[in-house]
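The lines below spell out each chain.
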Amino acid sequence: MLIGVLGAGTMGAGIAQVAAQNGHQVILVDTNDEQLQKAQKQLSDTMLRLIEKQKVTKEKSSAIQAAISYTTVLSDFAPCGLVIEAIVENLAVKHEVFSQLEKVVSDTCILASNTSSLSIASIGGVLKKANRVIGIHFFNPAPLMPLVEIIPAVQTENAILEQAVSLVKSWGKTVVVCKDTPGFIVNRVARPFYGEALRIYEEGIADFATIDWAMTEIGGFKMGPFTLMDYIGNDVNYAVTESVFEAFYYDPRFKPSFTQKRHKEAGYYGRKTGRGYYDYSEGAIIPTPTKDYVLGQQIVDRILAMLINEAYDAVFMQVATAEAVDLAMTKGVNYPKGLIEWSKEIGTKEILCRLEKLFLFYGEDRYRPNPLLRNNVFL
Ligand code: NAI
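Since the model is a prediction, treat every value here as computed from it, not as a measurement.

## Considerations on the site of the ligand
- Lining the immediate environment of the ligand, one finds 24 residues, of which Gly7, Gly9, Thr10, Met11 and Asn140 sit closest.
- Within the residue set of the shell around the ligand, elements represented by two or more residues are helix H1 (10-21) and helix H4 (91-104).
- No other element matches H1, which puts three residues into the shell around the ligand.
- Its residues placed into classes, the shell around the ligand shows eleven nonpolar, eleven polar and two charged.

Printed below as a string of structure tokens:
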């Protein structure tokens, strides 16, 4: 099948590489010619590195690079069986582009979006034949991250979903199917990793370095929340939090934090600006954590209980199955364990207890235990 990718930025270029590596001819379209050249150069650099590491042969590398055509002409998508859109995260722009796309492709062409925060139903809303719209959400960097969330909209035909799932699976990706709800699985369930860490900091319980130390050393996470927010960028991470909060009709569970907002406002985006929660300039003093294991365990217990509660909520609200939620968090954001599995290991009663305590102490809806978790304990 000929694959079209629209947008040659971070995600589009990566998705084109994945399709080409899996034997497809790919048409990569971007309105910006420089971006196309950059994508082409990046792929050739990546391939050189892979040849050096003997992960790919010279022949295969040449075949992958030759499989991608770079163009600014949208109508070049005409013969494609699937087009994946990965342009700017703006609904009005996506609407314009999907309307144009429908005019150039055949009736059987699947039209997918890689959006991380917009609803697939809203994107498909402009299509005349909306039963072929679907969300195919890759993670960054697309060639390396195994997870892909596939999101059928209310308009999506079952056959299109099945086709998309089997195609992406054939690319060696771990596929999870989820409901068209804000943040899908990963960007919803992961919110407390950042939000609760920020809350703990704001209450003066611990500083950034101590929270990061606790989550990595005791919790077993690869990166602490503040290091990870600095890595993602506080501008990007805050925007996702705010959009999930709005999309959930301001549910207090997803309330953004002033600390992160102020960091964003100050331009303290993280690594990319040299300053975030930490200072990345040369010679900067690296803050040392308070290695208090009792405090560290309390921090981990609290954040983990909130994450588990969120995972149960996604299952309870039929966003995805428990297996899919666990797969998503281990393969999409490298959590050391699936959250549902983790809850069984710790004991759901213990998790419920932690949440009840927080709920009683704060009296905030943010800490309400999920009914499915409660059922797990009492039924
Ligand atoms: P980016 O800014 O790196 O790339 C966007 C590309 O789209 C640019 O090359 C731009 O020239 C091109 N573009 C803009 N308007 C266009 C149009 N009308 N026609 C053709 N090309 C156009 O953006 P990025 O980060 O790759 O994100 C793309 C999409 O993927 C967004 O919907 C985003 O939410 C989603 N996404 C991003 C992730 C990330 O970590 N960056 C992760 C998963 C999804």
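Alright, that's what it looks like, and here's the rest.
## Topic: the sheet that holds strand E2 (residues 26-29)
- The strand order across the open sheet formed by eight strands is E3-E2-E1-E4-E5-E6-E7-E8, and the pairing between neighbours is mixed. Both outer strands of the open sheet, strand E3 (68-71) and strand E8 (174-177), are each paired with one neighbouring strand and no more. Looking at each pair of strands side by side, their axes are set apart by 25 degrees on average, direction ignored.
- Of the strand pairs in this sheet, strand E1 (residues 3-6) and strand E4 (residues 82-85) are connected by four bridges, and their pairing is parallel.

## Quick word on the pairing of E1
- Side chains Ile3 and Val5 project from E1 onto one buried face, and the interleaved Gly4 and Leu6 project onto a second face that is buried too.
- For E1 and E2, the ladder comprises four bridges, and the chain directions are parallel. Bridge pairing in E2 links Ile3 to Val26.
- In the classification by handedness, the crossover that spans E1, the intervening H1 and the parallel E2 is right-handed.

## Some thoughts on the domain arrangement of the chain
- As assigned here, the chain comprises domain 1 (3-177) and domain 2 (187-378).
- Computed over C-alpha atoms, the centres of domain 1 and domain 2 are 30 Å apart.
- Listed per partner, the contact involves ten residues of domain 1 and nine residues of domain 2.
- Where the side of domain 1 that touches domain 2 is concerned, the elements lending two or more residues are strand E7 (147-152) and E8.
- If one sorts the elements of the side of domain 1 that touches domain 2 by residue count, E8 sits on top with three residues.
- When grouped by side-chain class, the residues that make up the side of domain 1 that touches domain 2 number six nonpolar, three polar and one charged.

## Remarks on the environment of Pro152
- By the secondary structure assignment, Pro152 is in strand E7.
- The class of Pro152 is buried, set by 23 C-beta atoms lying within 10 Å.
- Between the alpha carbons of Pro152 and Ala121 there is a distance of 8.4 Å; along the sequence they are 31 residues apart.
- Setting aside chain neighbours within four positions, we find Pro152 in contact with Ile134, Leu161 and Asp180.

## Focus: the pairing of E2
- Where burial is concerned, the two faces of E2 agree: the one with Val26 and Leu28 and the one with Ile27 and Val29 are both buried.
- Of the pairings in the sheet, the one linking E2 to E3 comprises four bridges and is parallel in character. For Leu28, the partnering residue across the bridge sits in E3 and is Tyr70.

## A short note on the nonpolar core
- With 108 residues, the main nonpolar core has Leu28, Val83, Ile134, Ile185 and Val325 as its most contacted residues.
- When residues of this core are assigned to their parent elements, the largest contribution, eleven residues, is made by helix H13 (residues 293-316).
- Built from parts of two domains, this core gets at least three residues from each of domain 1 (3-177) and domain 2 (187-378).
- Contacts of Val325, omitting those with residues within four sequence positions, involve Ile185, Val189, Ala311, Ala314, Val315, Ala320, Leu339 and Ile340.

## A closer look at helix H16 (residues 348-362)
- With 15 residues, H16 should reach 21 Å at 1.5 Å per residue; the first-to-last C-alpha distance of 21 Å fits that figure.
- Looking only at H16, the buried set comprises Thr348, Ile351, Leu352, Arg354, Leu355 and Leu358. Along the long axis of H16, the arc covered by the buried residues comes to 160 degrees, so they all point the same way. For H16, the exposed residues lying more than 90 degrees away from the buried face are Leu360 and Phe361.

## Concerning the packing of helix H8 (residues 191-202) against helix H10 (residues 225-232)
- As a packed pair, H8 and H10 sit with axes 9 Å apart at the nearest point and diverge in direction by 120 degrees. Seen from above, H8 lies across H10 with left-handed handedness. Contact residues: H8 offers Phe193, Tyr194 and Ala197, while H10 offers Pro225, Phe226 and Met229.
- The class makeup of the residues in the contact of H8 with H10 is six nonpolar, no polar and no charged.

The rules behind the values
Residues numbered from 1 in each chain as written. Predicted model: local features only at pLDDT ≥ 70, side-chain atom pairs only at ≥ 80, totals over all residues. Near = placed C-beta within 6 Å. Helix = DSSP H or I, 4+ residues; strand = E, 2+ residues; numbered from the N terminus. Nonpolar A, V, L, I, M, F, W, Y, C, P; charged D, E, K, R; others polar. Pairing = 2+ DSSP bridges. Axes fitted to C-alpha atoms, helices over the stretch in contact; angles between N-to-C directions. Buried ≥ 20, exposed ≤ 12 C-beta atoms within 10 Å, placed from the backbone. Right-handed = clockwise from strand over helix to strand, strands pointing away. Domains from an automatic or database assignment. Contact = placed C-beta atoms within 7 Å. Core = buried A, V, L, I, M, F, W, Y, C linked by C-beta atoms within 7 Å. Expected span 1.5 Å × (residues − 1). Arc of directions from axis to C-beta. Left-handed = near helix turned anticlockwise from the far one by under 90°.

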